[in-house]
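Coordinates in review
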Amino acid sequence: MADAFAELLRGSDGEEVAVRYDAATETWMFVCVHSTVLGPAAGGTRMKVYPEPADALRDGLRLSAAMTSKNAIAGLPLGGGKAVLAVPEIPTGERRRALLLRYGELVEALGGTYVTACDMNTSERDMDVVAERTRHVMGRSVEAGGSGSSAPSTAVGVFHGIRAAVRHAIGADDLVGARVAVQGVGAVGGVLARLLAEAGAELVLADVVPERAEALARELGAEVVPPEEALATPCDVLAPCATGGVLNRETIPTLRCRIVAGAANNQLGEPEDADRLAERGIVYAPDYVVNAGGIIHLASLELLGEDEAVRDARLRAIGETLEACLRRAEAEGISPGQAAERMVAERLAAGRG
Ligand code: NAI
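Residues numbered from 1 in each chain as written. Predicted model: local features only at pLDDT ≥ 70, side-chain atom pairs only at ≥ 80, totals over all residues. Heavy atoms only, no water.

In terms of regular secondary structure, the protein is built from twelve helices and twelve strands. In summary, the protein has a C-alpha radius of gyration of 20 Å against a globular reference of 20 Å for 353 residues, a match within 12%. Burial status across the protein gives 53% buried among its 353 residues. Counting only contacts in the protein whose residues sit at least 6 apart along the sequence, the fraction spanning at least 24 positions is 63%. For the protein, the exposed area adds up to about 14,900 Å²; of that, 50% sits on carbon and sulfur atoms. When the 35 positive and 50 negative side-chain charges of the protein are each reduced to one mean point, those points stand 2 Å apart. (Helix = DSSP H or I, 4+ residues; strand = E, 2+ residues; numbered from the N terminus. Rg over C-alpha atoms; globule rule 2.2 N^0.38 Å. Buried < 20%, exposed > 50% of the residue type's maximum accessible area, 1.4 Å probe, protein only. Contact = heavy atoms within 4.5 Å. Areas by Shrake-Rupley, 256 points an atom, 1.4 Å probe, with all protein chains shown as cover. Lys, Arg positive; Asp, Glu negative; His and termini not counted. Charge placed at Lys NZ, Arg CZ, Asp CG, Glu CD.)

What follows is the structure, encoded as C-alpha cells:
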C-alpha cells in the first residue's frame, strides 16, 4: 500500500494531501489540495467503497486537479481540491454522523486551505454535520444557514452553455426548434429539460428510471427514448447529464448530434476522445466549463457573500467563457478541451504573478 501511495504522490502535481485513517469506521480519509494559487482549494467530499485505499487516493488526486480547472475557468477566487472518504460500506445513522464529525475535525485542522461541499454519496444534511466541527464547508441545508442544492444552478449554467454552443456552431440566437437530447433527467437534467422547453427546444429525454423520463416528457410535451438509445438519437445537441465516460471510442462513431454540452463530470473516456469528436465535426463543450454552475452557486452565496443577482451573472458568464473557448479552439486549430486548458493555464499563471 505504501508503495502505491508513494507512486501516486510522486506522479501528482498537486500541493498536498492530508491523510487520516479512522479506525472506528475503517475509513481512509484523503483531502487532496491540488492548488491554492487562486484561493482556498474548494471541492466536494466523495464517499465511496473502493477496492483499495490507493484507488481512493487516485480518484481524489484526479478530481482535485479537475476542480482547479473548473474553479479557474469559472473566474472564481478559488483553488482546486477534493476529499474522498473511502469507506468499507456506506455508513448510516450514528456511525455516519460520528465519521462526519471526525472528518470535519480534519477539515478544520487544515485551517481553511481546503473548503468542502457535497459530492457523490454526501448530502446537504451531511454538510450540516461536518459544519458542527469546521467553518470551511459549503452546501449546508437552507435550514442550517446554507444555500441548499446546487443542482438548479448547475442546470442554469449548462443551459447558458448550450445557448452559446448553438450560437457558435449553428448560428442561431435562440433555441426555438433546436432538438436537444437529455441523457439523465435527475436533479440537474430535470431542471435543464424544463429550461430548454421554456426556450422552445424540441426535447428527447432518457433515463434508466423510465418513469422519471416519461412523467417529465408528459409534462413538457417531449419524446422519450430508451436509455441505450440516448447517445445515438439524431439531435442538434446531446446533453449528457447522467454519468461520466459516455464519450468514448465505442460511442463517438454512433453519435448523431452537432454539439455535446451537458452536466456530467468527466464525459470523455480518455483525452483522445476530444480529437475523435473534432474529427467527426462535433462541437464539444468541455464538461468542466459548462457544469461549473454548482460550485459557482455555493461559492457566490456562501463564501463570497454575494446575492442571487450576482450569482446569476456568474452563471450567465459560463456562456461567454464557452464562446471564448470555442473561438480560441477554431483560431488556434485545437480542440475546445485544449483551448480550455490553455485558458486555465493563463489564469493560474496570472494568479502566480
Ligand atoms: P442525479 O443522480 O440526480 O441524476 C442522474 C440521473 O441520471 C438519474 O435520474 C439516473 O437515473 C440517470 N441515469 C443514470 N445512468 C443513466 C444512463 N446510463 N442513461 C440514462 N440515465 C441515466 O445526479 P445530478 O445531480 O443530476 O447530476 C448529474 C450529473 O451531473 C452527474 O454526472 C454529476 O456528477 C454531474 N454534476 C452535478 C452537479 C450538481 O450540482 N448536482 C454539479 C456538476 C456536475
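Moving on to the domain arrangement of the protein. Taken domain by domain, the protein holds domain 1 (2–62 + 78–144) and domain 2 (151–294 + 302–311 + 317–349). Taken residue by residue, the interface counts ten residues in domain 1 and five residues in domain 2. Both faces considered, domain 1 and domain 2 share a buried interface measuring about 560 Å² in area, 59% of it formed by carbon and sulfur atoms. For the pair domain 1 and domain 2, the interface holds zero salt bridges. Here domain 1 is connected to domain 2 by one residue pair in polar contact (both at pLDDT 80 or more). Here the residues of the side of domain 1 that touches domain 2 sort into six nonpolar, two polar and two charged. (Domains from an automatic or database assignment. Buried area = accessible area lost by both parts, 1.4 Å probe. Salt bridge = Lys/Arg side-chain N within 4 Å of Asp/Glu carboxyl O. Polar contact = N/O pair within 3.5 Å; in protein donor to acceptor, adjacent residues only side chain to side chain. Nonpolar A, V, L, I, M, F, W, Y, C, P; charged D, E, K, R; others polar.)

Let's shift gears to the environment of Ile295. Relative to the elements of secondary structure, Ile295 occurs in helix α10 (residues 293–303). With 51 residues separating them along the chain, Ile295 and Gly244 place their C-alpha atoms 18 Å apart. Residues contacting Ile295, with those up to four places away along its chain left out, are Ala42, Met67, Lys70, Asn71, Leu76, Leu78 and Met138.

Turning next to the packing of aromatic side chains. Evaluated as defined, the whole model comprises four aromatic pairs. An angle of 90° between the planes, with centres 5.6 Å apart, marks the rings of Phe5 and Phe30 as edge-to-face. Of this pair, Phe5 sits in helix α1 (residues 2–10) while Phe30 is found in strand β2 (residues 27–35), placing the two residues 25 residues apart along the sequence. With a centroid separation of 6.0 Å and 5° between ring planes, the pair formed by Trp28 and Phe30 is classed as stacked. Given the relative accessible area of 19%, Trp28 is considered buried. (Phe/Tyr/Trp six-rings, centres within 6.5 Å; stacked < 30°, edge-to-face > 60°.)

One non-glycine residue, Glu26, lies in the positive phi region at around 55°. Note on placement: Glu26 falls in the loop between β1 (16–22) and β2.

Attention shifts here to the site of the ligand. Close to the ligand lie 21 residues; Thr154, Ala187, Val188, Asp207 and Arg212 are nearest. The separation between an oxygen atom of the ligand and a polar side-chain atom of Thr154 is 2.7 Å. Starting from 830 Å² of accessible surface for the ligand in isolation, the protein chains cover 71%. Put simply, the parts of the chain that give the shell around the ligand at least two residues each are α5 (151–170) and α6 (187–198). In terms of residue class, the shell around the ligand is made up of eleven nonpolar, eight polar and two charged. (Near = heavy atom within 4 Å.)

On strand β10 (residues 237–240), burial covers both faces: Val237 and Ala239 on one face and Leu238 and Pro240 on the other are all buried. In terms of strand pairing, strand β7 (residues 179–183) meets β10 through four bridges, oriented parallel. Its bridge partner lying in β10, Ala181 is registered against Leu238. In the sheet, β10 pairs with strand β11 (residues 259–260) via two bridges, with the strands oriented parallel. Looking at β11, one finds that Val237 is bridged to Ile259. (Pairing = 2+ DSSP bridges.)

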